[in-house]
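Observations on the model geometry
Residues per chain, in single letters:
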Amino acid sequence: MRKTTMIFYCCIALILTACGNAPPTEQGKINNDDSIDITKISNNKLVSQQPSNQAKDILSNHEEITAVKAVNTEDTLFVAIEVEHHERFTLSQLEKKYKKEMKDKFKDLKVEFSTDKKIVLELNKLEQDINNNNISKKEMEKKLKQLVKLAKEQT
């Protein structure tokens, strides 16, 4: 009798703890935050970053994009994006689609486009340098040319 009562209470305790409404752990948590990583660039001393800010606004409207980084010189616009993890299966199609969209919007600029994480990180550093006035116009153009070359090597 005592054994069956003990087993009964253990089963009830097990059922109650298994059916609890505890919040999900960090490992299983899904990010429902709709914010996209965008940094607007404003610098009057260097080349106007108006086209890159416009490109960020345009691309931020797409739900599969999680981060947009863009820098431009007088003749080149370089855009790098990050997409949601499950969208990486169709990455080449997305890249073609968004590159075409950027070329249509910015016909007067040479558009370079990348989905590579390394390029996103490097463009982020370049954006920060431009915002903080830590880079000259000549250095910015040189760095952007290196990034374009790096992006073409990886593809």
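The shown structure was predicted, so the numbers you read here are calculated from the model rather than taken from an experiment. (Residues numbered from 1 in each chain as written. Predicted model: local features only at pLDDT ≥ 70, side-chain atom pairs only at ≥ 80, totals over all residues. Heavy atoms only, no water.)

1. Looking at the overall build of the protein
When helices and strands are tallied, the protein shows five helices and three strands. Reading the secondary structure of the protein in the N-to-C direction produces α-α-β-β-α-β-α-α. For the protein, the proportion of contacts with a sequence separation of at least 24, taken over those separated by at least 6, is 63%. For the protein, the accessible surface area stands at approximately 10,800 Å², while carbon and sulfur atoms represent 52% of it. (Helix = DSSP H or I, 4+ residues; strand = E, 2+ residues; numbered from the N terminus. Contact = heavy atoms within 4.5 Å. Areas by Shrake-Rupley, 256 points an atom, 1.4 Å probe, with all protein chains shown as cover.)

2. Regarding helix α1 (residues 2-18)
In a regular helix each residue adds 1.5 Å, so 17 residues correspond to 24 Å; α1 covers 24 Å between its end C-alpha atoms and thus fits that length. Within α1, only zero of the 17 residues are buried, leaving the element largely exposed. (Expected span 1.5 Å × (residues − 1). Buried < 20%, exposed > 50% of the residue type's maximum accessible area, 1.4 Å probe, protein only.)

3. A look at the sheet that holds strand β3 (residues 110-114)
Read across the sheet, three strands follow the order β1-β2-β3 without closing on themselves; strand pairing throughout is mixed. Sheet topology places β1 (65-72) and β3 at the edges, where each strand pairs with a single neighbour. Across the sheet, the mean angle separating the axes of adjacent strands is 20 degrees when strand polarity is ignored. In this structure, strand β2 (residues 76-83) lies alongside β3, joined through five bridges in parallel fashion. For Val79, the partnering residue across the bridge sits in β3 and is Phe113. Packing of helix α2 (residues 50-59) onto the sheet brings it into contact with β1, β2 and β3, and relative to β1 it is tilted by some 165 degrees. Packing of helix α3 (residues 91-105) onto the sheet brings it into contact with β1, β2 and β3, and relative to β3 it is tilted by some 160 degrees. (Pairing = 2+ DSSP bridges. Axes fitted to C-alpha atoms, helices over the stretch in contact; angles between N-to-C directions.)

4. Digging into the state of the cysteines
Per the counting criterion, the structure on display carries zero disulfides. A disulfide-free cysteine, Cys11 has its sulfur positioned 7.0 Å from the sulfur of Cys10, the nearest such atom. On the accessibility criterion, Cys11 (40% relative accessible area) is partly exposed. (Disulfide = S-S within 2.5 Å.)

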